[in-house]
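Structure assessment
Listed here are the chains, written in short residue letters.
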Amino acid sequence: MRIWRRLQQIGAAVLRNSIYVLPNTPETREDFAWVRAEITAHAGQVSLLEANSIDGYTDDELVRQFQRDRDADYHRLAGDVRRVLRRPRRRASRRAAPHPELRKLQERLAAITAIDHFNAPAADDARHALEDLQMSLSPPNGASGAEEGALHREDFRGRVWVTRPRPGVDRMASAWLIRRFIAPDARFAFATPQARVTKRQIPFDMPDVEFGHHGSDCTFERLVGRFRISDTGVARLAHVVHDLDLKEARYRLPEGVAVGRLVEGLRAAYTDDAELLKHGMVMMEALYRSYAREATSASSRPRTRKSSKARRA
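A short tour of the structure in this document, coming up. Being a predicted model, the structure only gives us computed values, none of them experimental. (Residues numbered from 1 in each chain as written. Predicted model: local features only at pLDDT ≥ 70, side-chain atom pairs only at ≥ 80, totals over all residues. Heavy atoms only, no water.)

1. Looking at the pairing of strand β4 (residues 187-190)
Counted only if it meets this: Strands were regarded as paired on the criterion that DSSP finds at least two bridges between them. The helix count covers DSSP runs of H or I at least four residues long, the strand count covers runs of E at least two residues long, and both are numbered beginning at the N terminus. The crossover handedness rule: strands pointing away from the viewer, path from first strand over the helix to second strand clockwise, crossover right-handed.
One ladder, built from four bridges, connects strand β3 (residues 160-163) with β4; its direction is parallel. Bridge pairing in β4 places Val-162 opposite Ala-189. The β-α-β motif built from β3, the intervening helix α6 (residues 169-182) and the parallel element β4 has right-handed crossover chirality.

In structure tokens, the structure reads:
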């Protein structure tokens, strides 16, 4: 039973009750190798084969089998999401913690997407259902600044953005966001909170400024809301920054601990604030790209694949 569950977890399609199939990639070969090791460790017998074809099955039939399996997973997830949506809820408070079920459902979607090798059609339905749930559970300030009206990015070009010395995770991420989505020509400077800021300078992540902490939002979240930045990768990055900067366990993304370690390592490695911020922004760009790639990988994959591109192992 444990092996059966493991094969389900890695997304293997079952044929004739004894043949388990995956596309032939380095990642799936490693998955099968781990299953084989677990079977042999318990004195079981297993054969791992690489095949160009399987008797009785065409390429299209195998692809449809994978898609049916994942469609079933997506449909179950979407059904669970909609059951949560139908429940009556009290109005969210400004400091309400995220719905615990939302995080679990998001993790389920990520796990299914990771083994969706052939872009199952039901994926979009599950993603849209989760987006509806997330919107319905957002607290009043969840869009941080939405009621105040969106700011125009053109008004913030050619400016110097000023923040405190020794940037940490919120300032690194905020500077990255500013240059990536708001003002590509942004320049950065450092000053103490007591220093006078000129009219051409924009303070951020300082006490009592527009682009600082507001309510339960960190500076990064405030910038996202005020400039109405709608991007899946940015939203995921905001969860990491929020937990690390506010020392909360609201979103509990598994990579949060590693990101926090990297930030501390950069602060130890660079004594110059400009260099520290520059390398922190590079790290944020890398993290964002990984999130963006994960979000688009399923939709960017072709509906079908020929055996020359995805042989079966």
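2. Regarding the sheet that holds β4
For clarity, the threshold we go by: Inter-axis angles, ranging from 0 to 180 degrees, are taken between N-to-C directions of lines fitted to C-alpha atoms, where helices are fitted over the stretch in contact.
Pairing within the open sheet is parallel, and its three strands lie in the order β4-β3-β5. Edge positions in the sheet fall to β4 and β5 (201-203), since each of these pairs with one other strand and no more. Direction aside, the axes of adjacent strands within the sheet are offset by 35° on average.

3. What to know about the pattern of salt bridges
To keep it simple, the criterion reads: In what follows, salt bridge is the name for a side-chain nitrogen of Lys or Arg lying within 4 Å of a carboxyl oxygen of Asp or Glu. Under the scheme applied here, a residue whose accessible area is under 20% of the maximum for its type counts as buried, over 50% as exposed, and between as partly exposed, the area being computed with a 1.4 Å probe on protein chains only.
According to the stated counting rule, one finds 18 salt bridges in the structure shown. A salt bridge links Asp-80 to Arg-108, with the shortest nitrogen-to-oxygen separation between them at 2.7 Å. With Asp-80 in helix α3 (residues 59-86) and Arg-108 in helix α4 (residues 100-114), this residue pair connects regions lying 28 residues apart in the sequence. Classification of Asp-80 by relative accessible area gives partly exposed; the value is 24%. A relative accessible area of 33% places Arg-108 in the partly exposed class. One connected set of salt bridges, linked through shared partners, spans Arg-2, Arg-6 and Glu-38.

4. Let's talk about the nonpolar core
When a protein is soluble and globular, its nonpolar side chains tend to lie buried together. Just so we agree on the cut-off: Among buried residues, those of type Ala, Val, Leu, Ile, Met, Phe, Trp, Tyr and Cys that are joined through side-chain atoms within 4.5 Å constitute a nonpolar core. Only heavy atoms enter the contact rule, under which two residues are in contact if any of them lie within 4.5 Å.
Counting residues in each nonpolar core, the largest one holds 40 residues, and the members touching the most others are Trp-161, Trp-176, Ile-182 and Phe-220. Of all the elements in the fold, those that place two or more residues in this core are α6, α7 (219-226), α8 (232-246), α9 (256-269) and α10 (273-300). Counting residues per element, this core draws most heavily on α6, at nine residues. Contacts of Trp-161, omitting those with residues within four sequence positions, involve Phe-156, Ile-178, Ile-182, Ala-183, Ala-186, Arg-187, Phe-188, Ala-189, Ile-202, Phe-204, Phe-211 and Leu-223. In this structure, Leu-77, Val-81, Val-84 and Leu-105 belong to the second largest nonpolar core, which totals 17 residues.

5. So, the packing of α6 against α8
Selection criterion: Each angle is binned into one of four classes, with values under 35 degrees roughly parallel, values over 145 roughly antiparallel, values of 65 to 115 roughly perpendicular, and all other values oblique. Helix crossings are classified by the rotation of the near helix relative to the far one: an anticlockwise turn of less than a right angle makes the crossing left-handed, while a clockwise turn makes it right-handed.
Running from N to C, α6 and α8 cross one another at 155°; their axes reach a closest spacing of 9 Å. As the angle between them shows, α6 and α8 are arranged roughly antiparallel. The way α6 lies across α8 gives a crossing that is left-handed. Between α6 and α8, the contacting residues are Val-169, Asp-170, Ala-173, Trp-176, Leu-177 and Phe-181 on the first element and Val-234, Leu-237, Val-241, Leu-244 and Asp-245 on the second.

6. Focus: α9
Just so we agree on the cut-off: In a helix, the anticipated span is given by 1.5 Å times the number of residues less one. Throughout, the arc means that of the directions going from the helix axis to the C-beta atoms.
With 14 residues, α9 extends 20 Å between its outermost C-alpha atoms, agreeing within 8% with the 20 Å of an ideal straight helix rising 1.5 Å per residue. Buried within α9 we find Gly-256, Val-259, Gly-260, Val-263 and Leu-266. End-on view of α9: buried residues confined to an arc of 125°, all on one side of the axis. Residues of α9 that are exposed and point more than 90 degrees away from the buried face comprise Val-257, Arg-261, Ala-268 and Ala-269.

By themselves, these observations are geometric and do not establish any function.
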